[in-house]
Amino acid sequence: MSAPDREYLLSGVSINALPKISLHDHLDGGLRPQTIVELADEAGVELPETDAARLGSWFARQSNAGSLVEYLKTFDVTVAVMQTADQLTRVAREFVEDLHADGVIYGEIRWAPEQHLTRGLTLDQAVEAVQAGIDQAVAAVEAAGGFIRVGQLITSLRHNPAQTMEIAQLAVRHRDAGVVGFDVAGPEAGFPASTMRAAFDYLAGEYLPVTVHAGEADGLDSIRSALFDGRALRLGHGVRLAEDFVVERQDDDNTYVSLGLLSQWVKDREIALETSPSSNLQTGAIARWGETIAEHPFDLLYQLGFRVTVNVDNRLMSGTSLSRELSLLTDTFGYDLQDLETFQLNAAAAAFLPLEDREELVDRIALGFDAV
Ligand SMILES: [Zn+2]
């Protein structure tokens, strides 16, 4: 059974069944292999494997190759079958269905509309097509007596800063039609948020929340720029913030560290870190700490009181689900249900929603965790 379909248990409780929040989840990284096969067939797109199971394994292999180039090739495949309104609607609908099946009650889906225009869609049509899929899935969940809420994060690609303002304006245009915030992704090193400063100034003036991939493929300067040029309210991954810690001493049980001004700011302002354990291993984001989840600075960040959240980044590429990522952490660091609830409450607090709506998510989480 593939990871997304498996059930993960903690103290006899199904992690899948617990109410969860998914803040960092890429649309083009979360397709079903079977859907890729069908859409590629219809559109005449050539695939590295034409059998769904073999294709799923291909994604896992490429993503574990230890090469960012091989990893990024996987997105050429998914993006190629997300170029028409029908394709985008189907992918978005199934994406939300899969979130719901994994127990997610609130999800923010990020994607870069500028990558989906090769077959004639406009930016606005692309956003509307994704929203149609989201709306269909949410309505179906509600009709079946369930609950899920979903928002779009419109991503701008940092290696194309000339278009960032246009993408920012696109996000603002759709803010009352499903878009809850803005994101910047793509090659981090060499493209700090400062290169897109004008767009961030515009977004700040429009009060649209922003998250920026930072502290993943680059270090502290990139995080600094995300916070102060980008006015990011959350950090995409942000794990390399731990480079700002100085280890004072270490014994068997504890690591004693002092924080630099930047990490102290992130902690004190409760700026959420959208960590993604499996992805962070695969992309080398935590390479300076090691090559296993046990060496991920996640636990250190959590113990120090940072607002850590747990995410999938790309479910297909990492062969994962939010339940699986939480299970990896509980297996590695011995977390209990209370810890898992804290991660969900952190995510609820950091969601790009009005305060009352975040409070409603908090209530749902508390209710779900109290029930077990
Ligand atoms: Zn990401």
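Our subject is the structure that appears above.
Fair warning: this is a prediction, and the values are worked out from it, not measured in the lab. (Residues numbered from 1 in each chain as written. Predicted model: local features only at pLDDT ≥ 70, side-chain atom pairs only at ≥ 80, totals over all residues. Heavy atoms only, no water.)

Inspection of the entire model under this criterion finds 23 salt bridges. Among the salt bridges present, the one from arginine 32 reaches glutamate 97, with a minimum N-O distance of 3.0 Å. Of this pair, arginine 32 sits in the loop between strand S3 (20-26) and helix H1 (33-43) while glutamate 97 is found in helix H4 (residues 85-101), placing the two residues 65 residues apart along the sequence. For glutamate 97, a relative accessible area of 33% corresponds to the partly exposed category. Between arginine 234 and glutamate 108 there is a salt bridge whose closest N-O contact spans 2.8 Å. On the criterion of sequence distance, the pair formed by arginine 234 in strand S8 (residues 234-237) and glutamate 108 in strand S4 (residues 104-111) is long-range, its members being 126 residues apart. (Salt bridge = Lys/Arg side-chain N within 4 Å of Asp/Glu carboxyl O. Helix = DSSP H or I, 4+ residues; strand = E, 2+ residues; numbered from the N terminus. Buried < 20%, exposed > 50% of the residue type's maximum accessible area, 1.4 Å probe, protein only.)

The final tally for this structure, using the stated rule, is 12 aromatic pairs. Ring geometry for phenylalanine 228 versus tryptophan 265: centroids 5.9 Å apart, planes at 50°, classification tilted. On the criterion of sequence distance, the pair formed by phenylalanine 228 in helix H8 (residues 220-228) and tryptophan 265 in helix H9 (residues 261-268) is long-range, its members being 37 residues apart. The class for phenylalanine 228 is partly exposed, based on a relative accessible area of 42%. Centre to centre, the rings of phenylalanine 298 and tyrosine 302 are 6.4 Å apart; their planes meet at 35°, and the pair counts as tilted. In this pair, phenylalanine 298 and tyrosine 302 are both assigned in helix H11 (residues 298-303), four residues apart and thus about one turn of the helix distant. The structure contains a cluster of three or more aromatic residues connected by ring pairs, namely Phe298, Tyr302, Phe333, Tyr335 and Phe343. The cationic tip of arginine 249 hangs over the ring face of tyrosine 256; the distance from NZ or CZ to the ring centre is 3.9 Å. Here the basic side chain of arginine 364 rests over the ring of phenylalanine 147, its NZ or CZ set 3.5 Å away from the ring centre. (Phe/Tyr/Trp six-rings, centres within 6.5 Å; stacked < 30°, edge-to-face > 60°. Lys NZ or Arg CZ within 6 Å of the ring centre and 35° of its normal.)

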